[in-house]
Amino acid sequence: MLADLCRGREADSRPTKDELLQYLTSRAGKLSLFFMRHLPAEQVIKSRKDPAFQKGLLSELRREIIELKPPLLNPLRVDRLTGVALEYPAGEVRKDPDLWAARVMVELPPELRHKQPLVAMRLLLAEVKDSFERVAATTGSLPELDRAYGFIERELNLTPRVEIFVRRAWDLAPKAADAGAITALYRLLVMRIIATLRELPASNEKDLALGELKKLTGTFDLDELESIFKKKAMTLADEMMKETGRYEDLLELRFFFGQIGERSNRKLLSQKTGELVRKMDMRTRGHRLLTSLDTGELDEDSLIKVVPTVMAKAEMFVMTGPPAFLDLLMDFYLKTAAPLLRELKNKPEKVPRLIQNFKRQVGLLNVYHGLDHLAQTIQRKMVLAICGPKMLASAPEKILRYLTRLPPEFYPDKVMQALRAMIREKGVNARFTTGDALKLLSFYPPAQEEEAEAEKALDPRFAKEFFSLEYKKRGL
């Protein structure tokens, strides 16, 4: 009936109870059609043949209309809003009955979606709340539990039964399988429930919730409860960090600690980062690593694992990506790798571990001749990356500037002399050529390392041959 009344009217027009009552008395033909569409055939026939049945039917409809609570909905507008209802902020939704009904239609559990007539949608609050609380009591998902609580608070503007959500969250906490679940636990217990209890006036419902909390935690003091819930989530995050084998989990957990205003277990984060990064493939995941790694969070032992991982494939990383990859690599080398190499000069006992980790990454068999030799080898990889075919083709005028940013002490003397001569002759902004690259590489002493795997073709010993072929292929 509401749909019939609203058809052809302005979009924001809202029907009234008086108009519905008029519909019953002044539109007999439409009413008969309405009965034919919505009543069983036997009742339609009976309403025509039995005046008493028809009178009772109209009387029941009139009673239903009188009992309706305004404002009434515009069903046609509700249908139009269903597709966009989730895009509106909750505050705006609660002010507009049609928008609220559309939002509820979208969010309702399937079993309730068409259970009630649209005209009674605003009376569904209690039933929707009960439905979500039944879901909360049985769900095995912390994010779903958090969403159910948020829906009752935000969309229904009601207070959830706190004891149901606390009890289920407490049971599910040990089963939190990822950073999303831990975040949902923290948001539900610390942010939502504590805030609800602080605002809730004294009542039987509040006493019931606090009683359940005391059973679980031993206290109903809200400040203590907030601290207990916070520590529980942080402990779970630390345990997950300790057990995970995925670098992405570390990033999510680091973000979680940042969001709650706490620092993660720095020693554990550093140790786990070093462990996971050492297993990463720089060719495929190097960009992800260099754009997410915060080396300020890592201790020296972890850097001894991370630096060889990044630098071992430095030239291949640059060759397989856009020019911006070189800037990422330069930033890491100058701010992390080079300072570590300088620092280890005063800690010779840690140098063998760095050498061993570097050998593990590039598959070399023999031992380097100390830290100075390793530093020169790592910087030679940077030279190969900077002078590579991609840079020569796309930005030859930047090459000399990049080379001059590398630490002078990590160049062999002859290479440093050759570089200075080039700068004096050409200037720092000169366009580097293939001949310049090969000339500079020729001043590096012959490498003595032996390759353990044939695919590692960018050992410095083969650098000139490799890049000569690359230059020819690209017509440089």
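Scroll up a little and you will see the structure.
Residues numbered from 1 in each chain as written. Predicted model: local features only at pLDDT ≥ 70, side-chain atom pairs only at ≥ 80, totals over all residues. Heavy atoms only, no water.

Points about the overall build of the protein
Here's step 1: In terms of regular secondary structure, the protein is built from 27 helices and zero strands.
Here's step 2: Residue burial in the protein is summarised as follows: out of 476 residues, 47% are buried.
Here's step 3: Here the contacts in the protein between residues at least 6 apart in sequence split such that 67% fall between residues at least 24 apart.
Here's step 4: Of the roughly 24100 Å² that the protein leaves accessible, carbon and sulfur atoms contribute 52%. (Helix = DSSP H or I, 4+ residues; strand = E, 2+ residues; numbered from the N terminus. Buried < 20%, exposed > 50% of the residue type's maximum accessible area, 1.4 Å probe, protein only. Contact = heavy atoms within 4.5 Å. Areas by Shrake-Rupley, 256 points an atom, 1.4 Å probe, with all protein chains shown as cover.)

Brief notes about the environment of Phe151
Here's step 1: As for its placement among the helices and strands, Phe151 is situated in helix α10 (residues 142–154).
Here's step 2: Overall, the relative accessible area of 2% leaves Phe151 in the buried class.
Here's step 3: Separated by 23 residues in sequence, Phe151 and Val128 have C-alpha atoms that sit 9.8 Å apart.
Here's step 4: Filtering out sequence-adjacent residues up to four positions away, Phe151 remains in contact with Glu107, Val128, Phe132 and Leu156.

Some thoughts on the side chain of Ser270
Here's step 1: For Ser270, the position within the fold is in helix α16 (residues 266–277).
Here's step 2: The contact partners of Ser270, leaving out residues within four places of it in the chain, are Glu297, Leu298, Asp299 and Ser302.

Topic: the packing of aromatic side chains
Here's step 1: Scanning the entire structure with this criterion turns up four aromatic pairs.
Here's step 2: Lys232 extends its terminal NZ or CZ atom over the ring of Trp170, reaching a point 4.3 Å from the ring centre. (Phe/Tyr/Trp six-rings, centres within 6.5 Å; stacked < 30°, edge-to-face > 60°. Lys NZ or Arg CZ within 6 Å of the ring centre and 35° of its normal.)

Thoughts on the packing of helix α14 (residues 222–243) against α16
Here's step 1: Their axes nearest at 9 Å, the elements α14 and α16 cross at an angle of 25°. As far as their axial angle goes, α16 and α14 are roughly parallel. The hand of the α14/α16 crossing is left-handed. Across from Asp238, Met241, Lys242 and Glu243 in α14, the residues of α16 making contact are Leu268, Leu269 and Lys272. (Axes fitted to C-alpha atoms, helices over the stretch in contact; angles between N-to-C directions. Parallel < 35°, antiparallel > 145°, perpendicular 65-115°, else oblique. Left-handed = near helix turned anticlockwise from the far one by under 90°.)

In short, shape yes, function no, at least from these values alone.
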